[in-house]
Amino acid sequence: PVASSLYGSRFLAGELGGSITHQCFYSTTPANKYERKYWCKIAANGVCYTIISSSSFISSEYQGRVALGDVPQNGTFTVTMTGLRSSDSGTYRCGIGSTNEGLYVSLNLTVLADAMVSRPTQLIQGELHGSVTVLCPSGDTQDDQKRFWCKVGRSICTLIASSDGYVGRRYQGRIVITPQDSSGASKVLINDLKKEDSGLYLCGTKGLRSQDSPQEVVLQVATASTIPRRAKFLSGAVGGSLSFQCHHDPKGTYEKKYLCRWKAGSCPVLLDDQGFVLESYRGRIQMSSSDHEHGSFTVLLRQLREEDAGWYWCGFRSGHTELTTSLRLLIHKG
């Protein structure tokens, strides 16, 4: 098969006389890297007529105002159209293949006298079983702002998580939307990445009074992963103790290593490598050792209680990026 995935914006707005840049993101399989890339417009008869392609074709009608650039190592090709006219409004396809009917994603372009410039789509790449950090745009910092993360389908954007505690069933234990910082920006953290997590997403804020334009994010999950699968479940007995290791890249530099407890889409820190221990865990939890050479730290949890059952995250912060892994603790009596 030519490819398994192709992602791009579904809607674009451009200003009369201005320009638009549209990015298409594809799986970096050998077939995709070397196959023809194209940009075509659907006519009234339903046929998609080629405007430009990577095989050096440019429609005479668009000479001098359209360009196509391909970056195979990133799995990205970009189409730029300048000198926009009202007649440029319509439905387009960006695609891959020898014909314009193969692998493609459609989008609607609207050319207006005073169009809002949309944010460029963010490309986030992650490894199978690994984790990613997505920076979401700032909204205003009012308390009525609800932050959301949804996956774009054919007709709707399916809500996956929101800052009011909602998390979709398939994402239980593996997604967090962090609180907004002073600038209004927030982060979406996802771990234990799966192949089916690849796709086009929207993240942003939705207030009672207004909706800010969301950030489009393409997430690509590389399936040839170097990250080993680790045990996700631990069990212990009430009153007993257990220890477990948290692993990270030994070559990485991290300003903070921590353990947090995941619940309803948030993850309050229980302890970190700077000496912090959450009051309710004092005397019961400690970071017992840290092995920089092999990239791990060990957590010891004592006097286990039934209510300790649940999801925990190991976290490593480096700048804006946070690497996380999840594990689930099961507690049994006796």
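As a reminder, the structure under discussion sits directly above these lines.
Below you will find a few notes about this structure. (Residues numbered from 1 in each chain as written. Predicted model: local features only at pLDDT ≥ 70, side-chain atom pairs only at ≥ 80, totals over all residues. Heavy atoms only, no water.)

Details of the overall build of the protein
Assigned secondary structure in the protein consists of one helix and 25 strands. A principal-axis box enclosing the C-alpha atoms of the protein has dimensions of 75 × 45 × 35 Å. Sorting the 334 residues of the protein into buried and exposed places 45% on the buried side. If you take every contact in the protein between residues at least 6 apart in sequence, the share linking residues at least 24 apart comes to 62%. Surface summary for the protein: the accessible area is close to 16,700 Å², and the carbon and sulfur share equals 52%. (Helix = DSSP H or I, 4+ residues; strand = E, 2+ residues; numbered from the N terminus. Buried < 20%, exposed > 50% of the residue type's maximum accessible area, 1.4 Å probe, protein only. Contact = heavy atoms within 4.5 Å. Areas by Shrake-Rupley, 256 points an atom, 1.4 Å probe, with all protein chains shown as cover.)

What about the packing of aromatic side chains?
Counted according to the given criterion, the structure contains six aromatic pairs. Note on Phe233 and Trp311: the rings are 6.4 Å apart at their centroids and 50 degrees apart in plane angle, and the pair reads as tilted. Taken together, the residues span a long stretch of sequence, with Phe233 in strand β18 (residues 233–237) and Trp311 in strand β24 (residues 310–318) at a distance of 78 residues. Following the ring pairs from residue to residue traces out a cluster consisting of Tyr254, Phe297 and Phe316. Above the plane of the ring of Tyr104 lies Arg93, whose end atom (NZ or CZ) is 3.9 Å from the centre. Seen from the ring of Tyr171, Arg174 lies directly overhead, with NZ or CZ sitting 4.5 Å from the centre. (Phe/Tyr/Trp six-rings, centres within 6.5 Å; stacked < 30°, edge-to-face > 60°. Lys NZ or Arg CZ within 6 Å of the ring centre and 35° of its normal.)

Structural notes on the layout of surface pockets
In this structure, the largest pocket spans a volume of roughly 1,200 Å³. Lining the largest pocket are 40 residues, and of these Ser9, Arg10, Phe11, Leu200 and Glu216 sit closest to its centre. Sorting the residues of the lining of the largest pocket by element identifies β1 (6–8), β2 (11–15), β3 (20–26), β9 (103–112), β16 (199–206) and β17 (215–222) as the ones contributing at least two each. Across the lining of the largest pocket, the residue classes break down as 19 nonpolar, 16 polar and five charged. Three or more residues apiece are contributed to the lining of the largest pocket by two domains, here domain 1 (6–112) and domain 2 (122–221). Computed from the structure, the second largest pocket encloses a volume of approximately 790 Å³. Residue lining of the second largest pocket: 34 residues in total, with His129, Ile227, Arg230, His247 and Thr325 positioned closest to the centre. Listing elements by their share of the lining of the second largest pocket, those giving two or more residues are β11 (132–136), β18, β19 (242–247), β24 and β25 (321–332). The dominant element in the lining of the second largest pocket, judged by the number of residues it contributes, is β25, at six residues. Looking at the lining of the second largest pocket residue by residue, the classes come out as 14 nonpolar, 14 polar and six charged. Inspection of the lining of the second largest pocket shows a minimum of three residues originating in each of domain 2 (122–221) and domain 3 (233–332). (1 Å grid on protein atoms, 1.4 Å probe; cavity = no way out; pocket = protein on both sides within 12 Å on 5 of 7 lines; lining within 4 Å. Points joined across faces, edges and corners; volume = space filled by probe spheres on them. Nonpolar A, V, L, I, M, F, W, Y, C, P; charged D, E, K, R; others polar. Domains from an automatic or database assignment.)

Structural notes on the pattern of salt bridges
Taken as a whole and judged by the stated rule, the model has 15 salt bridges. With a closest N to O distance of 3.3 Å, Arg93 and Glu101 form a salt bridge. You can call Arg93 buried: its relative accessible area is 7%. For Glu196, the salt bridge goes to Arg170, with nearest N and O atoms at 3.8 Å. With a gap of 26 residues between them, Glu196 in the loop between β15 (186–190) and β16 and Arg170 in the loop between β13 (157–162) and β14 (175–177) connect regions that are remote in the sequence. In this structure Arg170 comes out as partly exposed when scored by relative accessible area, which is 42%. (Salt bridge = Lys/Arg side-chain N within 4 Å of Asp/Glu carboxyl O.)

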